[in-house]
Structures are given as structure tokens and as C-alpha cells.
Amino acid sequence: MTTPDPALFRQGKSLVIAIDGPSGSGKSSVSRETARRLHAAYLDTGAMYRAVTWHCLDRGLDLADAAAVESAAKAVTIELSTDPDVESVRVDGVDVTEAIREPRVSTAVSAVATTLGARAELVRRQRQQIVDSGRRIVAEGRDITTVVAPEAEVRILLTASEEARLRRRGEQLEGTQSAEQLRRQVTHRDKLDSAVVNFSQAADGVVTIDSSELDYEQTVSAVLTTIFGVAH
Ligand code: DC
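Residue numbering note: each chain is counted from 1, following its sequence as written. Where totals are concerned, whole chains, interfaces and linings use all residues; where local detail is concerned, this predicted model gives features only for residues with pLDDT of at least 70, and gives and counts side-chain atom pairs only at 80 or more. Only hydrogens and water are set aside; all other atoms, that is, all heavy atoms of the structure, feed into the side-chain values.

(A) Local environment of the packing of helix α4 (residues 103–113) against helix α8 (residues 179–193). To obtain an axis, a line is fitted to C-alpha atoms, over the contacting stretch when the element is a helix, and the angle between two such axes runs from 0 to 180 degrees between their N-to-C directions. Secondary structure elements follow DSSP: runs of H or I of four or more residues count as helices, runs of E of two or more count as strands, with numbering from the N terminus. It is at 9 Å that the axes of α4 and α8 come closest, and there the two elements cross at 15 degrees. Looking at the two axes, α4 sits roughly parallel to α8. You can see that α4 and α8 cross each other, and the crossing is left-handed. Touching Pro103, Ser106, Val109, Ser110 and Ala113 of α4 are Gln185, Arg189, Leu192 and Asp193, all from α8. Roughly parallel here means an angle under 35 degrees, roughly antiparallel means over 145, roughly perpendicular means 65 to 115, and every remaining angle is called oblique. Crossings are sorted by hand: turned counterclockwise from the far helix by less than a right angle, the near helix makes the crossing left-handed, and turned clockwise it makes it right-handed. Any two residues whose heavy atoms approach within 4.5 Å at even a single point are treated as in contact.

(B) View of the nonpolar core. In this structure, Val52, Ile78, Val89 and Ile130 are the most contacted members of the largest nonpolar core, which totals 38 residues. Per element, the largest residue contribution to this core is seven residues, and it comes from helix α2 (residues 45–59). Buried Ala, Val, Leu, Ile, Met, Phe, Trp, Tyr and Cys residues form a nonpolar core when they are joined through side-chain atoms within 4.5 Å. Any residue under 20% of the maximum accessible area for its type is buried, any over 50% is exposed, and the rest in between are partly exposed; the area is computed with a 1.4 Å probe on protein chains only. Core analysis: the next-biggest nonpolar cluster, separate from the first, contains 18 residues, Ile17, Tyr42, Ile209 and Val223 among them.

(C) Broad picture of the site of the ligand. Proximity criterion: a residue is near a molecule or strand once any of its heavy atoms comes within 4 Å of it. Residues in contact with the ligand amount to 15 residues; listed here are only the nearest, Arg50, Arg119, Arg142, Asp143 and Asp193. In protein, a polar contact requires one atom able to donate a hydrogen and another able to accept it; more generally it is a pair of N or O atoms within 3.5 Å, and residues adjacent in sequence count only if both atoms are side-chain atoms. Here an oxygen atom of the ligand and a side-chain polar atom of Arg50 are 2.8 Å apart. One of the side-chain nitrogen or oxygen atoms of Arg119 is found 2.8 Å away from an oxygen atom of the ligand. Starting from 450 Å² of accessible surface for the ligand in isolation, the protein chains cover 98%. If you list the elements that add at least two residues to the shell around the ligand, you get α2, α4 and α8. Counting residues per element, the shell around the ligand draws most heavily on α2, at four residues. Each residue gets one of three labels, nonpolar for Ala, Val, Leu, Ile, Met, Phe, Trp, Tyr, Cys and Pro, charged for Asp, Glu, Lys and Arg, and polar for the others, Gly among them. By residue class, the composition of the shell around the ligand is three nonpolar, four polar and eight charged. Computed with the Shrake-Rupley method and a 1.4 Å probe, the accessible areas treat only the protein chains shown as cover for residues.

(D) Spotlight on the environment of Arg167. Positionally, Arg167 belongs in helix α7 (residues 162–172). Sequence separation of Arg167 and Lys191 is 24 residues, and the distance between their C-alpha atoms is 18 Å.

(E) Broad picture of the packing of α7 against α8. Contact geometry for α7 and α8: axes closest at 10 Å, N-to-C directions at 130 degrees. Classified by the angle their axes make, α7 and α8 are oblique. Seen from above, α7 lies across α8 with right-handed handedness. Taken together, the residues of α8 that come into contact with α7 (itself represented by Glu162, Arg165, Leu166, Arg169 and Gly170) are Leu182, Arg183, Val186, Thr187, Arg189 and Asp190. Grouping the amino acids of the contact of α7 with α8 by side-chain chemistry returns three nonpolar, two polar and six charged.

As C-alpha cells, this is what we get:
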């Protein structure tokens, strides 16, 4: 187990950890655990894109109508827990924690993620969440290292081979979806999303961690080692 450097915990010190990567890279569970170990907040930005998508589907909005999606993103109230031990997402007061993980949301979310007006609004809210955390937060997504928090103390791109990513997502969904549904979600969605954000190559100053050959615990250790190495 890597021991945290006490200097990281100096009062008032900003410690923003930005982690990007494709789906199935282990990003969410690893980021959440990293936040726990650092006693920091945790921001799952993908949950915000999912929350807006759930809202649009609930309202029967046409996801191809960029202006409608942008207005919906601006109008909707999203309450997202940033406590790494509490997973909770509410949209206009409705608990959607589980609903936003359903296949109907997963297959539609790229339409929202590629609507630039909606992105701008969510990026604004994500930056606010980082400020509200006292800048002690692990924020994960696709554009955190490059757009949302390029000034973060630590920036990591967590990658994994396509094979490893498909296997992990399959395990996570516990056989509830066919191999084809899975492939569509993981590979096809990444392809759509990468039209607006580049999360397959690390930007300057971003540390790449390839988790293909690492298990969960080893990946958490690799992330912590990077953080302790970079954030003195
Ligand atoms: O990580 P996830 O599968 O929950 O992300 C859901 C969607 O949101 C996915 O299509 C990528 C997109 N997304 C994004 O474009 N930018 C982010 N910062 C986070 C997620």
C-alpha cells in the first residue's frame, strides 16, 4: 500500500486530481477509491451527462435538436453527491441514481455529450463543483485534464486495451446485456464521443496509466503513486 505524503494534506493546499479515460478503463471505481483514500471529494462528470440525458428522455425531447438539449441542460437542477461513499444523483428532485445507468440512457448519452451548448453548461457546473469542494477533489471524465481543469495539480489519462475494457464493462453489467449491446456501448460510444473530446491521447503534462494488465488494487496504487510523485 502506498503511503500518502503528509505534505499533500497541508491545510488549504489545492489538490485537484483530474482523471480522463474511455469507458471501461476502470476510471470511475478507481477515481472514487482514490478520493476516499485522500479524504477528498469525488466528481463523476459522466453522471451529469447521463442526468441531462435522462431528463431529455423523460420530457420526450428530440435529442437531435441541439437548441432544445442545450436549454434543457441549462434549466435542469442536478444534485450530484460528491461524497465518494454516497452515490446519489437527483434530477429536479427525482432520484435517478440507478435510472441513469440503464441501457436506454447509455445508448442516448452521446447525443447530449456531443451537443456543444450542453457541454459548455456542464463544464461550467463542473468547475463550480471543483471550487465548492475547496479544490480538494478527484474529478473524472473525458475532458477534465484538458478543458474542465487543465490547471489541476495532477492530471492522469487512464487507458486500457479494448479487450480489457469490454471484459470489465461486461463484468460490471453482470451479463444483463448481450455482447453486441456491450460492444455498441463501449466502442461505438467512445467513437461518437471522441468527435468532440480527445481522450485517447494524453495532452502535454498528462501522465498516462495503462491499466490493461493491472487489477483494481494495482490501478489504485498506480494512481496514488503518480499523485504522490507529482503533487509535492
Ligand atoms: O463515463 P460515463 O460512461 O458515465 O460517461 C457518460 C457519457 O458522457 C459518455 O458518452 C461520455 C460523456 N462524457 C463526456 O463527454 N465528458 C465528460 N467529462 C464525461 C462524460
